[in-house]
Amino acid sequence: VMATWGPSATMAAVPNIVRGEGVYLYDDAGKRYIDWTSQAICSNLGHTIPPQVKAAIDEQLEALPFIYSGLAITEPRARLSALMAELCPGDINGFLFPCGGSEANEAAIRIARRFTGKEKIITHYRSYHGGTTSALAATGDFRRWFTERGGGGGAGYIKAFNPQPFH
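Residues numbered from 1 in each chain as written. Predicted model: local features only at pLDDT ≥ 70, side-chain atom pairs only at ≥ 80, totals over all residues. Heavy atoms only, no water.

Engineer: Give a description of the nonpolar core that names residues and reports values.
Structural biologist: Listed in full, the five residues of the largest apolar core are Ile109, Ile121, Ala137, Ala138 and Tyr157. Those residues in contact with Ile121 that lie beyond four places of it in its chain are Ile109, Ala112, Arg113, Gly156, Tyr157 and Ile158. (Core = buried A, V, L, I, M, F, W, Y, C linked by side-chain atoms within 4.5 Å. Buried < 20%, exposed > 50% of the residue type's maximum accessible area, 1.4 Å probe, protein only. Contact = heavy atoms within 4.5 Å.)

Engineer: An account of the sheet that holds strand S3 (residues 32–34) is requested, with residue identities and associated values reported.
Structural biologist: Reading across from one edge, S1-S2-S3 is the order of the three strands in this open sheet, with antiparallel pairing throughout. Because the sheet does not close on itself, it has two edges, and the strands there are strand S1 (17–21) and S3. Pairwise comparison of adjacent strand axes, ignoring direction, gives a mean angle of 30 degrees for this sheet. Examined bridge by bridge, S1 and strand S2 (residues 24–27) share four bridges and lie antiparallel to one another. Residue pairing in the sheet places Glu21 in a bridge with Tyr24 of S2. (Pairing = 2+ DSSP bridges. Helix = DSSP H or I, 4+ residues; strand = E, 2+ residues; numbered from the N terminus. Axes fitted to C-alpha atoms, helices over the stretch in contact; angles between N-to-C directions.)

Engineer: Which residues make up the layout of surface pockets, and what values go with them?
Structural biologist: In this structure, the largest pocket encloses a volume near 1,100 Å³. Among the elements of the structure, helix H1 (51–63), helix H2 (75–87) and helix H3 (101–116) are those that each provide at least two residues to the lining of the largest pocket. Looking at the lining of the largest pocket, the element that brings in the most residues is H1, giving seven residues. (1 Å grid on protein atoms, 1.4 Å probe; cavity = no way out; pocket = protein on both sides within 12 Å on 5 of 7 lines; lining within 4 Å. Points joined across faces, edges and corners; volume = space filled by probe spheres on them.)

Engineer: With reference to specific residues and values, describe the pattern of salt bridges.
Structural biologist: Following the criterion strictly, the structure yields three salt bridges and no others. Measuring nitrogen to oxygen at the nearest pair gives 3.1 Å for the salt bridge that ties Glu21 to Arg19. Given a relative accessible area of 41%, Glu21 falls into the partly exposed group. We note a salt bridge from Arg113 to Glu119, for which the minimum N-O separation is 3.5 Å. (Salt bridge = Lys/Arg side-chain N within 4 Å of Asp/Glu carboxyl O.)

In structure tokens:
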């Protein structure tokens, strides 16, 4: 198994997680860990999914597990769009439903550049925006260096220091 943001050799020493419950993860020896990564990977409900959420997921999986958004509209997507249009300010009424964070950030970058006609995007040094080319180039982490060579999507990002009282 390869590590996402570190040396893969260290993966031999990580715990083998076999289940989750609430905010906790459990390894194969029964040791309990608090999952401090849940916000980073969008496990906002924790590891104990409420029965009504499971039922809604099962119902949607039975009806239509996936459809490309450019092909057709679906009732859940239309309902959510209508609700979001009611909640958003002004005339914001168009919404994208990407599959993950990198895809969402890539779309936001393209929309911002197309809408403003400007290329530069300001991001923070201490940030993570995803693993796809433009999202990774926007990331402030020093390990993004290879995205900045040869025009691989790394152009147009300005890194700013994070707002902290310790600078």
